[in-house]
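Tertiary structure, described
What follows is each chain in one-letter form.
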Amino acid sequence: DYVSYERAFQLLTQVTGRAGRGQIPGKVFLQSYKAENPLFKFIQEHDYKSFYNTEIAQRKEHSYPPFTTLSRIIFQSYSEEDCINYANEILNVLLELRNSSNPQFLGPAPCFFTKLHSKYRYHILCKIQNDELRTQIFNNLFKRIRKNATVEMIIDIDSVNLL
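The sections below set out a description of the structure shown in this document. Everything numeric here is computed off the predicted structure, so don't read it as measured data.

A few words now on the overall build of the protein chain. Looking only at helices and strands, the protein chain has five helices and four strands in total. When the helices and strands of the protein chain are listed from N to C terminus, the series reads α-α-α-β-α-β-β-α-β. Relative to a compact globule of 163 residues, whose C-alpha radius of gyration would be 15 Å, the protein chain shows 20 Å and is clearly more extended. Seen along its three principal axes, the alpha-carbon backbone of the protein chain occupies a region of about 65 × 40 × 25 Å. When the 163 residues of the protein chain are sorted by exposure, 34% land in the buried category. Contacts spanning at least 24 positions in sequence make up 70% of the contacts within the protein chain whose residues lie at least 6 apart.

Right, here's the structure in full:
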């Protein structure tokens, strides 16, 4: 999840900020398998600016928001085969629609929660440069897709949670 470091930074900074607010000074102990991760140094020093600079550079390098729009197409079905086949069919339509622009389509891949409420779940992540292009691609997708009675398709625009 591309916002996981941001969420961790927010939560741990909040927790460390609450330590020692009263009469007695507080101490915070963080236990981790990867204590060398720069995130912990940023938290320890309350260094918001360095955290931001590191995080924004990573997002730019990997084409995540705010440098691109991120949408997610989720497919759900009681049949895993139907789910995968329909997801691949939609991916092929998306690849045809991308014309001269260079959007990225990642997947289809199993969702983090691959099976939920007895339904198999796969998704395609769509990294598209701007809102106008995304609107154009999705409007054309809606015109071209065939309805599938066995597979539900959910489109999450400006997706923040990739789980």
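Moving on from the coordinates now.
So, on to the packing of aromatic side chains. This model, assessed by the stated rule, comprises six aromatic pairs. Their ring planes at 5 degrees and their centres at 4.9 Å tell us that Tyr2 and Tyr64 sit as a pair that is stacked. Linking Tyr2 in the segment before helix H1 (4-18) with Tyr64 in the loop between helix H3 (48-61) and strand S1 (69-77), this pair joins segments that are 62 residues apart in sequence. In this structure Tyr2 comes out as buried when scored by relative accessible area, which is 13%. According to the relative accessible area criterion, Tyr64 is buried, its value standing at 17%. With a centroid separation of 5.0 Å and an interplanar angle of 90 degrees, the aromatic rings of Phe112 and Phe113 are classed as edge-to-face. The exposure class assigned to Phe112 is exposed, which follows from its relative accessible area of 57%. Note on Phe113: relative accessible area 41%, which makes it partly exposed. An aromatic cluster is built from Phe9, Phe42, Tyr48 and Phe51, whose rings are joined through pairwise contacts.

Another point: helix H5 (residues 131-144). Given a rise of 1.5 Å per residue, 14 residues ought to cover 20 Å, and the 20 Å separating the end C-alpha atoms of H5 matches this to within 8%. Of all the positions in H5, only Leu133, Arg134, Ile137, Phe138 and Leu141 are classed as buried. The arc that holds every buried residue of H5, seen down its axis, measures 125 degrees, which confines them to one face. Facing away from the buried side of H5, by more than 90 degrees, are the exposed residues Glu132 and Lys143. Residues of H5 that are buried sit in contact with S1, helix H4 (80-97), strand S3 (119-128) and strand S4 (152-156). The backbone nitrogen of Glu132 has a side-chain oxygen 3.2 Å away, supplied by the residue at the start of H5, namely Asn130.

Definitions and limits used
- Residues numbered from 1 in each chain as written.
- Predicted model: local features only at pLDDT ≥ 70, side-chain atom pairs only at ≥ 80, totals over all residues.
- Heavy atoms only, no water.
- Helix = DSSP H or I, 4+ residues; strand = E, 2+ residues; numbered from the N terminus.
- Rg over C-alpha atoms; globule rule 2.2 N^0.38 Å.
- Buried < 20%, exposed > 50% of the residue type's maximum accessible area, 1.4 Å probe, protein only.
- Contact = heavy atoms within 4.5 Å.
- Phe/Tyr/Trp six-rings, centres within 6.5 Å; stacked < 30°, edge-to-face > 60°.
- Expected span 1.5 Å × (residues − 1).
- Arc of directions from axis to C-beta.
- Polar contact = N/O pair within 3.5 Å; in protein donor to acceptor, adjacent residues only side chain to side chain.

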